[in-house]
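# Structural characterization, general
Each chain, letter by letter, is given below.
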Amino acid sequence: PKFASAFAYGASILTPNIPSQMLDYIIVVDDAREWHEVNMRLNPSHYSRVLRLFGASAVDAVSNTIGVGVHFNAYVDIETPNLEAFKQTRYKYGVVERRTIERDVEGWDNLFLAGRMQKPYERVMGVREEEDDDDDNDD
């Protein structure tokens, strides 16, 4: 599904040619419920049976009421045909809304995401705002 940006974090990104158990990502989205809804259709195996049963609204509700606004899918197999250097056994990715990560990084709301960014991290994908603005003017 579409996302605003993503970054990998942790020691695994410092040694991409040495396979590790798991590579960790944070995926930043504009609407987490909508993102999970699409992702559950595309990648149902990334979610537990219980979460698939209750749907994307439940994932979003749990992450925002019990958690800190991030839902993690762990021990996920992802094909990486063009990223041979980052071929891992498994991946873990957390999905967070842009406003949640901004609140934590700028105001230390709960330090969960800000703490992840104190580890080595690397932005792996994202759309700059200028590119979004240019797309709007291409009539």
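Summary of the structure given here. All figures in this text were calculated on a predicted structure; none of them were measured in a lab. (Residues numbered from 1 in each chain as written. Predicted model: local features only at pLDDT ≥ 70, side-chain atom pairs only at ≥ 80, totals over all residues. Heavy atoms only, no water.)

### Thoughts on the pattern of salt bridges
- For the structure on display, the rule yields 5 salt bridges.
- For the salt bridge of Asp-24 with Lys-92, the shortest nitrogen-to-oxygen distance reads 3.8 Å. Of the two residues, Asp-24 sits in strand S2 (residues 22–29) while Lys-92 sits in strand S4 (residues 90–97), which places them 68 residues apart along the sequence.
- Note on Asp-24: relative accessible area 15%, which makes it buried.
- For Lys-92, a relative accessible area of 22% puts it in the partly exposed group.
- In this structure, Arg-99 and Glu-97 form a salt bridge, with 2.7 Å as the shortest nitrogen-oxygen distance.
- Residue classification places Arg-99 among the exposed positions, given a relative accessible area of 56%.
- Judged by its relative accessible area of 8%, Glu-97 falls in the buried class. (Salt bridge = Lys/Arg side-chain N within 4 Å of Asp/Glu carboxyl O. Helix = DSSP H or I, 4+ residues; strand = E, 2+ residues; numbered from the N terminus. Buried < 20%, exposed > 50% of the residue type's maximum accessible area, 1.4 Å probe, protein only.)

### Regarding the nonpolar core
- Within the largest apolar cluster, 18 residues are counted, with the highest numbers of intra-cluster contacts made by Tyr-25, Ile-27, Val-29, Trp-35, Met-40, Tyr-47 and Tyr-93.
- Breaking this core down by element, the ones donating at least two residues are strand S1 (5–9), S2, helix H1 (32–42), helix H3 (56–65) and S4.
- Here the element with the most residues in this core is S2; it accounts for 4 residues.
- In contact with Trp-35, not counting residues within four places along its chain, are Pro-1, Lys-2, Phe-3, Ile-27, Val-29, Tyr-47, Tyr-93 and Val-95.
- Within the second largest apolar cluster, 8 residues are counted, among which are Tyr-9, Val-96, Ile-101 and Leu-113. (Core = buried A, V, L, I, M, F, W, Y, C linked by side-chain atoms within 4.5 Å. Contact = heavy atoms within 4.5 Å.)

### Overview of the pairing of S1
- Among the 5 residues of S1, 5 are classified as buried, and the element is accordingly described as predominantly covered.
- Here S1 shows no split at all, with Ser-5, Phe-7 and Tyr-9 on one side and Ala-6 and Ala-8 on the other all buried.
- Bridge count for S1 against S2 is 5 bridges, and the pairing is antiparallel. Directly across from Ser-5, in S2, lies its bridge partner Val-28. (Pairing = 2+ DSSP bridges.)

So far we have only geometry, and geometry alone does not tell us how the molecule works.
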